[in-house]
Amino acid sequence: MRMKSRSLQSRIFSYGALFVSLVAIIIGVSFYFTMSQGIEKQIGIRALSIAKTTAARPDVRAAFEHDDPSRLLQPIAEAVRQQTGAEYVVIGNSEGIRYAHPVTERIGQKMVGDDNERALHLGESYVSKATGTLGPALRGKTPVFNDEGEIIGVISVGYLNEDISSIFFQYIDNISYIVLIAIALGIIGSSFLSRNIKKELFNLEPAEIANLFTERNALIESVREGIIMVDAKGVITTVNAAAYDTLSIPGQTELIGRTIQEVLPNTLLLKVLETGERHLDRPMEIHGRKVIVNRIPIRADDQIIGAVSTFRLQSEIDQLAMELSQVKRYTEALRAQTHEYNNFLYTISGLIQLHSYDEALSLIHDETAEHQSLIQFVTKRLQDPFLGGIVIGFFNRARELNVRFLLDEDSFLKELPAQLEKTHFVFIIGNLMTNAFEAVDMNPEAKRLVRLFIFDNGEEILFEVEDSGKGIANEVLDALFLEKVSTKDMEDRGYGLLKVAENVEDLGGSITVEKGDLGGALFIISIPKRGYQHAKSN
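My aim in this report is to walk through the structure given alongside it, one point at a time.

Now for helix H14 (residues 422-439). The first and last C-alpha atoms of H14 sit 26 Å apart over 18 residues, in line with the 26 Å expected at 1.5 Å per residue. A large share of H14 lies buried, amounting to 14 of its 18 residues.

Pasting the structure below:
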């Protein structure tokens, strides 16, 4: 728990310093042993070389033939020992009896160490480790041959282990200094590295980075727009689920790691990477589908390190535009009502200024009676003020358009159930009524009829919208509620009825289209009062 609470910088510093220290110590110890073995090997080679050189001397070989070999060999051995720095130079006969030794009292005694057999019996020259009268030593041994090639003696040149160790210890201080310098440099480097890594990570801790990564992924996946990110080489690094849907690519297909050109051959992301130019709301066609694309370069320290592209289907944007257009139509209905009353007030004002008071009073009485009659009928038959207000608005709109708007006298509706979203009803009625007004627009004024029927039978709410227009052709009828299907020869149409169908579905209802008694289309909508879940269970 204490380690987890430490900052990333302190952990990087601690681990780095510890790692470098361990490596430096291991290297120092390894270097020491390697050097020790090398020095020991070189001393052994040196001892053997001295022994061979001494054994090959004519005066040494000749001394073995003398009546008193020790008298001749002892001075030679001591001279060689002093000249070479060896601890001892011992010369023995073929029986291993000493003829020369640094300690004169031991001359004539048998050589100690039991390592003369290879030299005296096999005639080999070698380096051995053994313990003699002077202590453990590294010894070079070689046989002495006479002129006939017979082994007549042995020469042993030795260096005591304690002398060799003293040579090793001379290098320990230097190795220790090197190790300490390496550790100090490692600590400094770890400190520098930890600060720079922390800086590169924007001073964030690993937990914070993990949280940001999780939040980033959740954010990217929650966006309805398709998102594709590429690096500086055009290789895809990030793709969200919406991008798979827009590109019509199966979700199990791996796109990350592939170049953007493989996935979208007509992409302009590479141009964005090259120029750094931002592309906003650019039209593009992907697999036969029109989309609106934004392309933005990703910069770091004034360098382009990648680019991100967001795109959405043109049809979705058109649907949003259609919904805004529908809101505008509602506003127009209210504007029509305001305009109507303004004209009415202007007329009254003019009559008063002309002193035609009787005519003004008659006009006020007629208008008031008509308006009150409408208000009373709507209030009595449509007890939900929300729908009543919409209907009155469309009455005023119909008057402005010179359309005869008939609210069926059998209509009846109490308040809408609380579980049903009223905005769905606004859109459904508003869109169908607007379409009906447009359908009769080309008819003579006397034949511009639109009928609305709203009825609550206790279990469901029924809507009927009928017009006296041309109706709907049979070839269009089956696909009427599909995207981009419209009975009007205009661009950017065909989304209203699709949205009507979606709103009806959200309410758990159904919609049908028939030929009405007025000669045009008749839309019949049924909405269960208990809501979507009830309709689904049935």
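This part covers the pattern of salt bridges. A complete count under the given rule lists 13 salt bridges for this structure. We note a salt bridge from Lys-141 to Asp-115, for which the minimum N-O separation is 3.6 Å. One end of the pair, Lys-141, is in strand E4 (residues 135-145); the other, Asp-115, is in the loop between strand E2 (98-100) and helix H5 (117-121), and 26 residues separate them in sequence. On the basis of relative accessibility, which here comes to 10%, the residue Asp-115 falls in the buried class. Measuring nitrogen to oxygen at the nearest pair gives 3.6 Å for the salt bridge that ties Glu-262 to Arg-258. Owing to a relative accessible area of 48%, Glu-262 belongs among the partly exposed residues under this scheme. On the basis of relative accessible area, Arg-258 is assigned to the partly exposed category, the value being 29%. By sharing partners, the salt bridges in this structure join Asp-408, Arg-451, Glu-464 and Glu-466 into a single network.

So, on to the sheet that holds strand E8 (residues 279-286). One open sheet holds the 5 strands; their spatial order is E7-E6-E10-E9-E8, and the pairing between them is antiparallel. Either end of the sheet is taken by a strand with one partner, and the two such strands are strand E7 (236-239) and E8. The mean angle between the axes of side-by-side strands here comes to 25 degrees, regardless of whether they run parallel or antiparallel. Here 10 bridges tie strand E9 (residues 289-300) to strand E10 (residues 303-313), and the two strands are oriented antiparallel to one another. Bridging across to E10, Val-293 finds its partner in Phe-311.

Conventions we followed
Residues numbered from 1 in each chain as written. Predicted model: local features only at pLDDT ≥ 70, side-chain atom pairs only at ≥ 80, totals over all residues. Heavy atoms only, no water. Helix = DSSP H or I, 4+ residues; strand = E, 2+ residues; numbered from the N terminus. Expected span 1.5 Å × (residues − 1). Buried < 20%, exposed > 50% of the residue type's maximum accessible area, 1.4 Å probe, protein only. Salt bridge = Lys/Arg side-chain N within 4 Å of Asp/Glu carboxyl O. Pairing = 2+ DSSP bridges. Axes fitted to C-alpha atoms, helices over the stretch in contact; angles between N-to-C directions.

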